[in-house]
Amino acid sequence: MSSLIKIPKSSSSANEMSSNPMTNPALWQALEAELVYIQDRSGKYLSFYGDLGEELAIEPEDIIGFFPEQSLKPASPDAYYERIKRVLERKIPEQCYCQFEYKGQTFALELVISPILPKQKQATTVLVMGHPLQDNDLSLINNSALPTHPDPYQKLLTKIARKIRRTLNLETIWQQTVDSLGEALQVSRCLMIAIGPEQGYLDVKAEYCLPYCPSELGSRLIPQEEPLWQQALNQREPLIFEQLLENSSQVQSNLIVSTFYQNQRNGLICLQQCDRSRYWSPAEIELIQELADQVGTAIAHATLYQELEQATLAAEEASRLKSDFLASTTHELRTPLNGIIGFLKLILDGMADDAEEQQEFLEEAHKSALHLLNLINDILDIAKIEAGKMDLELGAVELAELFQAVDNFTLPQAQRKHLEFRSKLPSTLTPIVVYGNYQRLLQVMLNLVSNAIKFTHEGSIVVNAEIVKKKIHHQNQEFPGHVKVSVTDTGIGVSLDKQAKLFEKFVQVDGSHTKAYGGTGLGLAISQKLVEAMGGQVEFYSMGEGLGSTVTFIVPLEQMPVIKTAKA
């Protein structure tokens, strides 16, 4: 038996209703649907057609204009109304299985609920089509709930999120995000953008891009120069905007959503439709926002894992370097010690032919002892620095006295290698007085000059000082300027790619050099720490291997000296 909307006998009313698609039974019959009705957001039935057979004879006049509680009632009304609301807001049809009650009868229906989209208006009504479930389909429904099939976007979200959670590789997470969203939403381009320190710049790390769109992979964006990107960083909500493409009248639609972890923004997902203006539906925005939450967490975990991995590698490398350093240092300590023992043994055994040769043995033993002492001092110094126990008493130091001491120690070394050695102080009428520790400044200069002599086979070593009238601050004190001391040589130099490692503790730029020239390789690292403790800094320059090198350090001026002019 067919249950149809009863048409009033009034011709005018009949004509009016038959012309209205919502109340035209012929339309529903043409669809060959078993059940069709229209409801508003509150659930009120606006139209009804049912051809459910004699056992489920439903009278339309009992349905139209009434709410479900007064007529055809779902067993779980709250869940049913929530579904209608979601369909209207997201504008996406949904399928569900639902149990209904009507005049004491209970039956199960499979329904598809679709939004009715009026012209230029917000959707306020839904079209529901369905059919009764057969006995063998009743396992799909639960008497106390409203079982549903997840909508396509929920399935997509679950699928993408599961794929992302399978990896801790940051690059893979970025690429899977853009590929999945780009393909699913059929956009022209999808970008995954990383945020630089203090939001100073944005880097495009991954891209999904259709062939007709130019690639933006690897681009760097400056938010301060592009207001829309700055706006995206300043708000939590998605940013939607359209813009004209360069040299074209084509409009590009953009949707930018931020990824967060513990309220900290760590990325941006940007979707672009480059071939037309696009309306981003609430369902699409909701999907991207929910995915952004998952991606933000995945990025944070992958970043942490990457940092831990790098820290582990750094710790392993540091351990290896310390082992290599200890092995090298053990050899370096043993060499002068063997020299001391050997020369003393020759004297004790009376192996010296005369007093002159005995004196020569003693001098060689003394030289080895001094070398051993220097090695031990380096090791003790670096140990103190590592432990934070390097306390320096700072005060006034005359630079001329310091330079003279360096000349006395190092000039004989340079002469033995037939190297030219020069040192030059600025011309002043008053002494140049720096603020530092005399012994430690002497140690730094001897380290730098001795290294220059050690690694130079021919040519010259030049020690120069320059007064810089630029105020500096150290330990809550202001100084009128500083002295820049440079040690320049024509020695073996250092390749550009290895210079960054020169000041690292326990790192030897070239192990073959250490074996050939001796030493612990700690001189520059110690010098840097000592100079920094006195308010200065050390820098190294070399154009490459075989092109010599220059090491500079600065130290504060206690007072500005009177510079000697040409007339003076």
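Residues numbered from 1 in each chain as written. Predicted model: local features only at pLDDT ≥ 70, side-chain atom pairs only at ≥ 80, totals over all residues. Heavy atoms only, no water.

Draft legend 1. Spotlight on the environment of L557. Among the secondary structure elements, L557 is positioned in the segment after β21 (549-556). Here L557 falls in the buried class, since its relative accessible area comes to 0%. When neighbours within four sequence positions are excluded, L557 is seen to be in contact with I432, V433, V434, Y435, I467, F479, P480, G481, H482 and V483. (Helix = DSSP H or I, 4+ residues; strand = E, 2+ residues; numbered from the N terminus. Buried < 20%, exposed > 50% of the residue type's maximum accessible area, 1.4 Å probe, protein only. Contact = heavy atoms within 4.5 Å.)

Draft legend 2. Region of interest: the layout of surface pockets. Considered as a void within the structure, the second largest pocket measures approximately 380 Å³ in volume. Taken together, 19 residues make up the lining of the second largest pocket; nearest its centre are E216, Q243, L245, Q252 and Q272. Put simply, the parts of the chain that give the lining of the second largest pocket at least two residues each are α6 (227-234), β10 (239-244) and β11 (251-261). Across the lining of the second largest pocket, the residue classes break down as eleven nonpolar, four polar and four charged. (1 Å grid on protein atoms, 1.4 Å probe; cavity = no way out; pocket = protein on both sides within 12 Å on 5 of 7 lines; lining within 4 Å. Points joined across faces, edges and corners; volume = space filled by probe spheres on them. Nonpolar A, V, L, I, M, F, W, Y, C, P; charged D, E, K, R; others polar.)

Draft legend 3. Main features of α6. What α6 keeps buried is the set W229, A232 and L233. In a view along the axis of α6, the buried residues occupy a sector of 95°, so they form one face of it. Residues of α6 that are exposed and angled more than 90 degrees away from the buried face: P227 and N234. In this structure, the buried side of α6 is in contact with β7 (189-195), β8 (202-209), β9 (220-221), β10, β11 and β12 (264-273). (Arc of directions from axis to C-beta.)

Draft legend 4. Up close: the sheet that holds β12. With antiparallel pairing, the six strands of this open sheet are ordered in space as β9-β8-β7-β12-β11-β10. The open sheet has two edge strands, β9 and β10, and neither has a second partner. Bridge count for β7 against β12 is five bridges, and the pairing is antiparallel. When the bridges of β12 are listed, I193 appears paired with L268. With respect to the sheet, helix α5 (residues 170-185) is in contact with β7, β8 and β12, its orientation differing from that of β8 by roughly 45°. Contacts between α6 and the sheet are confined to β7, β8, β9, β10, β11 and β12, with β12 contributing the most and set at about 135° to the helix. (Pairing = 2+ DSSP bridges. Axes fitted to C-alpha atoms, helices over the stretch in contact; angles between N-to-C directions.)

Draft legend 5. Quick look at a positive patch on the surface. On the surface, a cluster of positive charge is contributed by K159, R162, K163, R165 and R166. Secondary-structure assignment places R165 in helix α4 (residues 152-165). (Patch = residues over 30% accessible without salt bridge, like charges linked within 9 Å, V, L, I, M, F, W, Y side chains within 5 Å. Areas by Shrake-Rupley, 256 points an atom, 1.4 Å probe, with all protein chains shown as cover. Salt bridge = Lys/Arg side-chain N within 4 Å of Asp/Glu carboxyl O. Lys, Arg positive; Asp, Glu negative; His and termini not counted. Charge placed at Lys NZ, Arg CZ, Asp CG, Glu CD.)

Draft legend 6. Highlighting the side chain of Q443. Relative to the helices and strands, Q443 resides in helix α10 (residues 438-454). When its relative accessible area of 17% is taken as the criterion, Q443 is described as buried.

Distances and angles like these do not, on their own, reveal function.
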